[in-house]
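What the coordinates show
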Amino acid sequence: MSDIKTICLKAFEDKFGAKPQMQEYAPGRVNIIGEHTDYNGGFVLPCAIKYGTCMVAKENGSNKMRILAVDMNNDYDEFEIAPKIEKHPTKLWVNYLRGVTYQLAQKFGDKVKGLDIAIKGDVPPGAGLSSSASLEVCFGHLVSSAFGLNVPLMDIALMGQAAEAYIGMKCGIMDQAISANGTVDHLVRIDCKSYGLTQVAVPKDLVILIINSNIKHQLVGSEYNDRRESCEKAASIMGVPLLRDATMEMLEKFKDKMDDVTYRRARHVITEDQRVLDASKAFESGDLKTLAKLMYASHVSMRDDFEITVKETDALVEIVKEALGEEYAAVRQTGGGFGGCVVAVVEPKNVQKVKDAVNAKYKAVSGIDATIFETTACAGATFTKL
């Protein structure tokens, strides 16, 4: 984070002519397994990664948020703090912050005061690693900490989720929850119905690799909301509030009352929930072979039943599988889908093997290079006085 902090500090001083008083950082995330289960009340198994969003800030004595986005060519926006805030017509990045601000204003009134803020991040946007959740949680935790509001981390996550809905994306809670609650050297299994958090240790002899297909995904206004509607339809047909409450036996019983697409969407979610629980046990026992089976099964389910993979991410999964052999290839597409990243959990000795295989074979499929980086499981949102 030191590089983005340094850039952020300089940009703040150049823009606002003063030194900031405080700093906030919130990470992006990679989901090891459990895709599209969160808004169905199910289980997910992500970790926070070593890429995130840094904000530095100073109180400005007004009732305005004045915000500099370094990554957006130093784009700038300011808006009044109020319980109702209009979306900016063209600046998507600031609407995430407007969406969090109005909720804080509704709850805390004039305890929420104006800040001058500079923002810099290093989560690759459009890679499916939750750059938007990182932004929302970073901002929410900054404002809470700056004014002593003591908003619980999960409530900040929920505000971030609501900010996505304000923009037009009915996402689940996973991305914001892990950005807020990340834990060093641990995955966090999130029960998206109860919001319960369970730490799952990452064995020291396993490395998390993220392979960015560099096929950019954009979920707002995309097929994401369609998938959610299919899940809600399936749950309604089965008479349960959420697909989390359904079983495969129930799904088979009601199969003839569903069209094929609705049935397959529900089958993915129900089987994926079980894979998350099984993968948690595999991690705890260091059982890479079982993890490999579960992660590949997850990918196949996303490809065939949920239909959210693309040929480039399918190719990356097969390249890794071929390089390591089926027993040791714990690999799948991660994130909301339609592009983005593949995640692999590998032994350290196999990291270079994966990199070599991807570098040798991916461009022939896609016409572009993939970007590969390693991460450890990292801490969540962190506030510091400067």
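Details of the structure are given in the entry above.
Here we summarise the structure given alongside this text. Just so you know, these numbers come straight off a predicted model, no measurement behind them.

1. Focus: the environment of Ala279
Among the secondary structure elements, Ala279 is positioned in helix 8 (residues 260–284). The class for Ala279 is buried, based on a relative accessible area of 0%. Expressed as a C-alpha distance, the spacing of Ala279 and Thr290, which sit 11 residues apart in the sequence, is 7.6 Å. Once you skip the residues sitting within four places of it in the chain, Ala279 turns out to touch Ile33, Leu45, Leu291 and Leu294.

2. Remarks on the pattern of salt bridges
When charged atoms on two side chains of opposite charge get close, those side chains can pair. What the rule picks out here adds up to 26 salt bridges. A salt bridge links Asp185 to Lys204, with the nearest nitrogen and oxygen atoms 3.5 Å apart. One end of the pair, Asp185, is in the loop between helix 5 (174–181) and strand 6 (186–191); the other, Lys204, is in the loop between strand 7 (196–201) and strand 8 (207–212), and 19 residues separate them in sequence. For Asp185, a relative accessible area of 32% puts it in the partly exposed group.

3. Considerations on the side chain of Arg264
Position of Arg264 among the secondary structure elements: in helix 8. Dropping the residues within four chain positions of it, Arg264 is found in contact with Asp304, Asp305 and Glu307.

4. Quick look at the nonpolar core
Ranked by internal contacts, the top residues of the largest apolar core, which has 40 residues, are Met55, Met65, Ile67, Leu104, Ile117, Phe139 and Val143. Counting only elements with at least two residues in this core, the list comes to strand 1 (22–33), strand 2 (43–59), strand 3 (64–69), helix 2 (92–108), strand 5 (115–121), helix 3 (131–146) and helix 4 (153–167). When residues of this core are assigned to their parent elements, the largest contribution, 9 residues, is made by helix 2. Excluding residues that lie within four positions of it along the chain, Val143 makes contacts with Met65, Leu104, Val112, Leu115 and Leu149.

5. Examining the packing of helix 2 against helix 3
One way to put it is that helix 2 packs onto helix 3 with a least axis distance of 9 Å and a crossing angle of 40 degrees. Here helix 2 is positioned oblique relative to helix 3, judged by the angle of their axes. Along this stretch, helix 2 crosses helix 3, giving a crossing that reads as right-handed. Across the interface between the two elements, Trp93, Tyr96, Leu97, Val100, Thr101 and Leu104 of helix 2 pack against Ser132, Leu135, Glu136, Phe139, Gly140 and Val143 of helix 3. Among the residues making up the contact of helix 2 with helix 3, the classes are represented as 8 nonpolar, 3 polar and 1 charged.

6. Here we look at the packing of aromatic side chains
Working definition: an aromatic ring pair is given by the centre-to-centre distance plus the angle between the planes. Tallying each qualifying case throughout the model produces 4 aromatic pairs. When the ring of Tyr51 is compared with that of Phe373, the centres are 4.9 Å apart and the planes differ by 65 degrees; the resulting orientation is edge-to-face. In this pair, Tyr51 is assigned in strand 2 and Phe373 in strand 11 (residues 371–375), connecting sequence segments 322 residues apart. The pair Tyr51 / Phe373 is uniform in exposure class, with both members buried. A ring pair is formed by Tyr102 and Tyr166, whose centres lie 5.3 Å apart and whose planes are at 40 degrees; its orientation type is tilted.

Here is what the cut-offs are and how they apply
The residue numbers shown here count from 1 along each chain, following its written sequence. Only residues with pLDDT of 70 or above have their local features reported here, since the model is predicted, and side-chain atom pairs are shown and tallied only from 80 upward, although totals for entire chains, interfaces and linings are computed over all residues. Think of the side-chain values as coming from all heavy atoms in the structure, minus any hydrogens and water. Put simply, DSSP H or I for four residues or longer makes a helix, DSSP E for two residues or longer makes a strand, and each gets a number counted from the N terminus. Burial classes follow relative accessibility: with a 1.4 Å probe on protein chains only, a residue under 20% of its type's maximum area counts as buried, one over 50% as exposed, and anything between as partly exposed. It only takes one pair of heavy atoms within 4.5 Å for two residues to be counted as in contact. Think of a salt bridge as a Lys or Arg side-chain nitrogen and an Asp or Glu carboxyl oxygen that are within 4 Å of each other. We define the nonpolar core as a collection of buried residues of types Ala, Val, Leu, Ile, Met, Phe, Trp, Tyr and Cys that are connected through side-chain atoms lying within 4.5 Å of one another. Here, axes are lines fitted to C-alpha atoms. For helices the fit covers the stretch in contact, and angles between N-to-C directions go from 0 to 180 degrees. Should an angle fall under 35 degrees it is taken as roughly parallel, and over 145 as roughly antiparallel, whereas 65 to 115 is taken as roughly perpendicular and any remaining angle as oblique. For any helix crossing, the convention is left-handed if the near helix is rotated counterclockwise from the far helix by under a right angle, and right-handed if that rotation is clockwise. Residues are grouped as follows: Ala, Val, Leu, Ile, Met, Phe, Trp, Tyr, Cys and Pro are nonpolar; Asp, Glu, Lys and Arg are charged; every other residue, Gly included, is polar. For Phe, Tyr and Trp, rings pair up if their centres lie within 6.5 Å, where Trp contributes its six-membered ring, and each pair is then called stacked (planes under 30 degrees apart), edge-to-face (over 60) or tilted (otherwise).

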